[in-house]
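Coordinates in review
Below are the chains, spelled out letter by letter.
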Amino acid sequence: MTDIGKKKATIYDLSMLSGASPSTVSAVLNGSWRKRRIKEATAQLIQKLANEHGYTANLQARGLRSSRSGLVGLLLPVHDNRYFSSMAQSFEAQVRSRGQCPLVVSACRDPEEERKVVETLISYSIDELFIAGATDPDGVHKVCEKAGLKHVNIDLPGTLAPSIISDNHEGARMLTQAIIERAQEDGPLSPDDLYLFGGRNDHASHERIRGFRDVKRALLGADPDVCIQPTGYSPAMTARAFEAFYEGHGKLPRAFFVNSSINLEGLMRFLALHPHETFADIIVGCYDYDPFGSFLPFPVFMIRQDSEAMITKGFAILDADRGPAITHLVRPTLVPPRTALIGPLDALKDIE
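Residues numbered from 1 in each chain as written. Predicted model: local features only at pLDDT ≥ 70, side-chain atom pairs only at ≥ 80, totals over all residues. Heavy atoms only, no water.

As recorded in an unreviewed UniProt entry, the protein goes by LacI family DNA-binding transcriptional regulator and comes from Rhizobium sophorae.

Structural data, given as structure tokens:
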């Protein structure tokens, strides 16, 4: 083997060390080796050598040669919940595995801010953009289309670009059925005993409400409109909705579906102000996942959305030059309550 000493390793150095051609080394380092059908063992060897010898890509030079910057963007609505932070982690890991550099930004669910942020990303010559949970995905699409930027929608669909989203209708059906079956173990459940809190005027909320109502009508025979309490994605508004229900009825519903972990936070704010007897026998379903649900003193069913699969599918669509503006569904997973199955110390292992 050639000793490259302390100088910075180049693609040609790695070619000599690995016995692979410079073009093969380049394909491994820029993440396109699978498309070129290079053996995984060869890719692993080259990546190992690159790490050992301190190889770093010169993205500016690569961009001048290929008219690509190596930057890939992810536009989020917010950073501060587990679902979107998990999505960002999956995105960053996959971008880096492709030899590119991730850029993650948020626009605070403001359609005008979404367009401005994307225009800024375009000024940095990003190569591709994932648009996650946008308030106006079609407005963002028009900005991208004008700049010739490849893009896909994640989490919420648009009508003008390909979209990859959770199967919200099926997830809501699974969650609602689980809530009802668990509540019925303690006795008969009437349509007025099961409510939905949270959500707003977006595709995900509409599909979750539709799934909730389909199962509720099938299993309980009816679904009065008053049982749907849209509160937006706001802990404060959700807490007020629970307070208003409690003041009007003197108790909470026996069982309820909360539309996200943000709405679950609103429930926690309400419960913190009331005695334990207020919620001793409730059954909760949350369309989101957080392992802290295992610590609550009542059963909490959760839906875990597969953000990693959504990101993987998004790259597959972009690699195939985007394709038609259709919506691809990714099935979520129902996570049953664990409070009765494991102790708090065991649950803590799930969080580490």
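Along the backbone of the protein there are 13 helices and 12 strands. Of all intrachain contacts in the protein linking residues separated by at least 6 positions in sequence, the fraction that spans at least 24 positions is 67%. Approximately 17,000 Å² of the protein is accessible, and the part contributed by carbon and sulfur atoms is 52%. (Helix = DSSP H or I, 4+ residues; strand = E, 2+ residues; numbered from the N terminus. Contact = heavy atoms within 4.5 Å. Areas by Shrake-Rupley, 256 points an atom, 1.4 Å probe, with all protein chains shown as cover.)

Time to look at helix H12 (residues 307–319). Residues separated by three or four positions in an α-helix point in the same direction, a consequence of the helix having 3.6 residues per turn. Taking 1.5 Å of rise per residue, the 13 residues of H12 would be expected to cover 18 Å, and the 18 Å separating its terminal C-alpha atoms lies within 8% of that figure. Among all positions of H12, only Ser307, Met310, Ile311, Gly314, Phe315, Ile317 and Leu318 are buried. All buried residues of H12 project into a common sector of 160° when viewed along the axis, lining one side. Of the residues one or two after H12, Asp321 is the one with positive phi, at around 65°. (Expected span 1.5 Å × (residues − 1). Buried < 20%, exposed > 50% of the residue type's maximum accessible area, 1.4 Å probe, protein only. Arc of directions from axis to C-beta.)

On to the pairing of strand S3 (residues 128–132), then. Counting buried positions along S3 yields five of five residues, so the element is predominantly enclosed. Residue alternation in S3 divides its side chains into two sets, Glu128, Phe130 and Ala132 and Leu129 and Ile131, and both sets are buried. Both strand S1 (residues 71–76) and S3 contribute to a ladder of four bridges, which runs parallel. Bridge pairing in S3 links Leu75 to Ile131. Taken together, the five bridges between S3 and strand S4 (residues 150–154) define a ladder with parallel strand orientation. From the neighbouring strand, Glu128 faces S4, where its bridge partner is Lys150. For the handedness criterion, the β-α-β arrangement of S3, helix H7 (residues 137–147) and S4 is classed as right-handed. (Pairing = 2+ DSSP bridges. Right-handed = clockwise from strand over helix to strand, strands pointing away.)

This next bit is on the packing of helix H10 (residues 235–249) against helix H11 (residues 261–271). Put simply, H10 and H11 touch, their axes get as near as 7 Å, and they point 50° apart. By the angle between their axes, H10 is oblique relative to H11. The chirality of how H10 crosses H11 is right-handed. Contact with H10, carried on its side by Pro235, Ala236, Thr238, Ala239, Phe242, Glu243 and Tyr246, involves Ile262, Asn263, Glu265, Gly266, Leu267, Arg269 and Phe270 of H11 and no other residues of that element. Broken down by class, the residue content of the contact of H10 with H11 amounts to eight nonpolar, three polar and three charged. (Axes fitted to C-alpha atoms, helices over the stretch in contact; angles between N-to-C directions. Parallel < 35°, antiparallel > 145°, perpendicular 65-115°, else oblique. Left-handed = near helix turned anticlockwise from the far one by under 90°. Nonpolar A, V, L, I, M, F, W, Y, C, P; charged D, E, K, R; others polar.)

The tally for this structure, following the rule as stated, stands at two cavities of 30 Å³ or more. Taken as a whole, the largest cavity encloses approximately 160 Å³ of empty space. Phe84, Arg109, Asp155, Arg208 and Tyr233 are the residues nearest the centre of the largest cavity, which is lined by 17 residues in total. Mapped onto the lining of the largest cavity, the elements with two or more residues apiece are helix H5 (82–97), helix H9 (203–220) and H11. Class assignment of the residues belonging to the lining of the largest cavity gives a composition of seven nonpolar, five polar and five charged. Each of domain 2 (68–166 + 307–332) and domain 3 (168–304) accounts for three or more of the residues forming the lining of the largest cavity. (1 Å grid on protein atoms, 1.4 Å probe; cavity = no way out; pocket = protein on both sides within 12 Å on 5 of 7 lines; lining within 4 Å. Points joined across faces, edges and corners; volume = space filled by probe spheres on them. Domains from an automatic or database assignment.)

Next up on the list: helix H3 (residues 40–52). With 13 residues, H3 extends 18 Å from end C-alpha to end C-alpha; this agrees with the ideal 18 Å at 1.5 Å per step. Buried within H3 we find Ala43, Ile46, Leu49 and Ala50. Looking down the long axis of H3, one finds its buried residues gathered within 130° of arc, a one-sided arrangement. For H3, the exposed residues set more than 90 degrees away from the buried face come down to Ala41 and Asn51. Buried-residue contacts for H3 involve helix H1 (11–18) and helix H2 (22–29). Immediately downstream of H3, the backbone of Gly54 shows phi near 65°, a positive value.

To continue, consider the confidence of the model for the protein. Averaged over all residues, the pLDDT of the protein is 87; the fraction at 70 or higher stands at 89%. Scored below 50 in pLDDT, residues 339–352 shows 15 contacts in the model against residues more than four places distant or in partner chains. (pLDDT = per-residue confidence, 0-100.)

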